[in-house]
Amino acid sequence: INGNGAVTVFNISTNATAVLNSLIITNGSAEDGGGILNYGTLTLNQCKILRCYANGLGSALANNNFATLNQCSVSESTHDIPIYNTGTLVLNECDVSANNFGGYCSGIYNDTYSRLTLNRCTMSSNTGYYCCLLNDGSATLYQCTFSGNHCLGGGTIGTEGGPLIINECTISGNYNSGEFGYCIYDSLSQLAMTNTIIAENSGPNPIVAIWSNGSVIYGGSNLVQSGNLAGGTVGGPAPITNGPNLA
């Protein structure tokens, strides 16, 4: 379904319920939600959202209520944050890749008081200041892979004030061309990380796997390149550090 660069492809109104199956949603264009603007209850199954545009927020999807994406892909967004969430958003086995937004976030922005869950998702080949995720709300990541992304300074993942739970994830092979080389940037947030690998990330400056002035709680066994606390606190079993290799 082609928006021809002129309209939002799907506009789900308040109190509406929509289920979309096996669709290709492309070339949508709007102020917010070029591909999909959701105010209702939305489920996407095995859909592709690509090459959509927004002048405001959510070039592929702007979710303002409840949305679940199952085995979907979001790619080739070039102007604004591809996925913007100010409600409750769940992604299961989805791929968010090849999005290029030189602004604040080229993957998913989870706004204040919002809830985000990513289960077994892949985020790769995205380019932006925060190249995969910026969390201001509450986010949980489970068995996700963040690889081959290009960060322009912020980090692969940023969390600014809201809790972030990372379980059994891999953050590897990302490049940060910024001054500080962060992988995870934690500003006054509560970061809990369990059985997660952060390794083989690179850049022109020394890589800092986790920079935090909030709190970091480790659980299980974590493999982490390096860390830097700037007035933050840390708890739980110490991770394995000293530049671990995956090979």
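Details of the structure are given in the entry above.
On a predicted model such as this, the values are computed, not experimentally measured, just so you know. Throughout this document, residue positions are counted from 1 along each chain, in the order its sequence is written. Whole-chain, interface and lining totals are the exception, using all residues; otherwise, since this is a predicted model, local features are given only for residues with pLDDT of at least 70 and side-chain atom pairs are given and counted only at 80 or more. The side-chain numbers reported here are obtained from all heavy atoms of the structure, hydrogens and water having been left aside.

Caption draft 1: Highlighting the nonpolar core. As used in this record, nonpolar core signifies buried Ala, Val, Leu, Ile, Met, Phe, Trp, Tyr and Cys residues forming a set joined through side-chain atoms within 4.5 Å. When accessible area is computed with a 1.4 Å probe and restricted to protein chains, residues below 20% of their type maximum are described as buried, those above 50% as exposed, and intermediate ones as partly exposed. Formed by 52 residues in total, the largest nonpolar core has its most connected members in I36, L91, L141 and I210. Under the DSSP-based scheme used, a helix requires at least four consecutive residues in state H or I and a strand at least two consecutive residues in state E, with every element numbered from the N terminus. Among the elements that line this core, the one with the most residues is strand β18 (residues 127-135), at three residues. Discounting residues that sit within four places of it in the chain, L141 has contacts with L118, L133, F146, I157, L164, I165, I166, N167 and C169. Ranked by size, the runner-up nonpolar core spans 13 residues in total, among them A62, F101, Y109 and W211. Residue contacts are defined here by distance: any two heavy atoms, one from each residue, within 4.5 Å place the two residues in contact.

Caption draft 2: How the structure looks around the environment of N64. The residue N64 is located in the loop between β9 (61-63) and β10 (66-70) in this model. On the basis of relative accessibility, which here comes to 24%, the residue N64 falls in the partly exposed class. Separated by 24 residues in the primary sequence, N64 and G40 place their C-alpha atoms 7.7 Å from one another. Apart from residues lying up to four places away in sequence, N64 is in contact with L37, N38, Y39, T86 and G87.

Caption draft 3: A look at the side chain of N174. Among the secondary structure elements, N174 is positioned in the loop between β23 (170-172) and β24 (175-176). Look at N174 and you get buried, because its relative accessible area is 2%. Residues adjacent in sequence count toward polar contacts only when both atoms are side-chain atoms; beyond that, a polar contact is any pair of N or O atoms within 3.5 Å, and within protein one must be able to donate a hydrogen and the other to accept it. At 3.0 Å, the side chain of N174 forms a polar contact with the backbone oxygen of F146. For N174, the side chain forms a polar contact with the side chain of N201, separated by 3.0 Å. Residues within four places of N174 in sequence aside, it is in contact with F146, S147, G148, N149, T156, E200, N201 and S202.

Caption draft 4: Molecular detail of the sheet that holds strand β26 (residues 190-194). A sheet is described by the order of its strands in space; here ten strands give the open sequence β2-β6-β10-β13-β16-β19-β22-β26-β29-β32, paired in parallel fashion. The strands lining the two open edges of the sheet, one partner per strand, are β2 (17-21) and β32 (233-235). Direction aside, neighbouring strands of the sheet carry axes that sit 10° apart on average. When DSSP locates at least two bridges between a pair of strands, those strands are taken to pair. As paired elements, strand β16 (residues 115-119) and strand β19 (residues 138-142) share five bridges and run parallel to each other. Opposite T117, over in β19, you have T140 as the bridge partner. To get an axis, fit a line to the C-alpha atoms, keeping to the stretch in contact for a helix; angles then go from 0 to 180 degrees between the N-to-C directions.

Caption draft 5: Broad picture of a nonpolar patch on the surface. Judged by side-chain polarity, Y104, Y129 and L152 come together as a nonpolar surface patch covering roughly 260 Å² of accessible area. Tracing the backbone through its elements, the reader meets Y129 in strand β18. The exposure class of Y129 is partly exposed, given its relative accessible area of 33%. Like-charged residues are merged into a patch within 9 Å and nonpolar side chains (Val, Leu, Ile, Met, Phe, Trp, Tyr) within 5 Å, provided each residue has over 30% relative accessible area and no salt bridge. Surface exposure here means Shrake-Rupley accessible area, sampled with a 1.4 Å probe, where a residue is shielded only by the protein chains that are shown. For salt bridges, the criterion is a side-chain nitrogen of Lys or Arg within 4 Å of an Asp or Glu carboxyl oxygen.

Caption draft 6: Spatial organisation of the pattern of salt bridges. Per the counting criterion, the structure on display carries one salt bridge. A salt bridge links R51 to E76; the nearest nitrogen and oxygen atoms lie 3.2 Å apart. Placement of the pair is R51 in the loop between β7 (48-50) and β8 (53-54) and E76 in the loop between β11 (73-75) and β12 (83-85), with a sequence separation of 25 residues. Classification of R51 as partly exposed rests on a relative accessible area of 41%. The partly exposed category is assigned to E76, whose relative accessible area is 34%.

Caption draft 7: Representation of the pairing of β10 within the structure. On β10, burial follows the alternation: A67 and L69 on one face are buried, whereas F66, T68 and N70 on the facing-out side are not. With five bridges joining them, β10 and strand β13 (residues 88-92) adopt parallel strand pairing. Residue pairing in the sheet places N70 in a bridge with N92 of β13.

Caption draft 8: A look at the sheet that holds β11. Reading across from one edge, β3-β7-β11-β14-β17-β20-β23-β27-β30 is the order of the nine strands in this open sheet, with parallel pairing throughout. Only two strands of the sheet have a single neighbouring strand rather than two, namely β3 (24-26) and β30 (223-224). Relative to strand β17 (residues 122-124), strand β14 (residues 95-97) runs parallel, the two sharing three bridges. Among the inter-strand pairings, V96 is bridged to a residue of β17, identified as M123.

In short, the description is geometric, and any link to function would need to be established separately.
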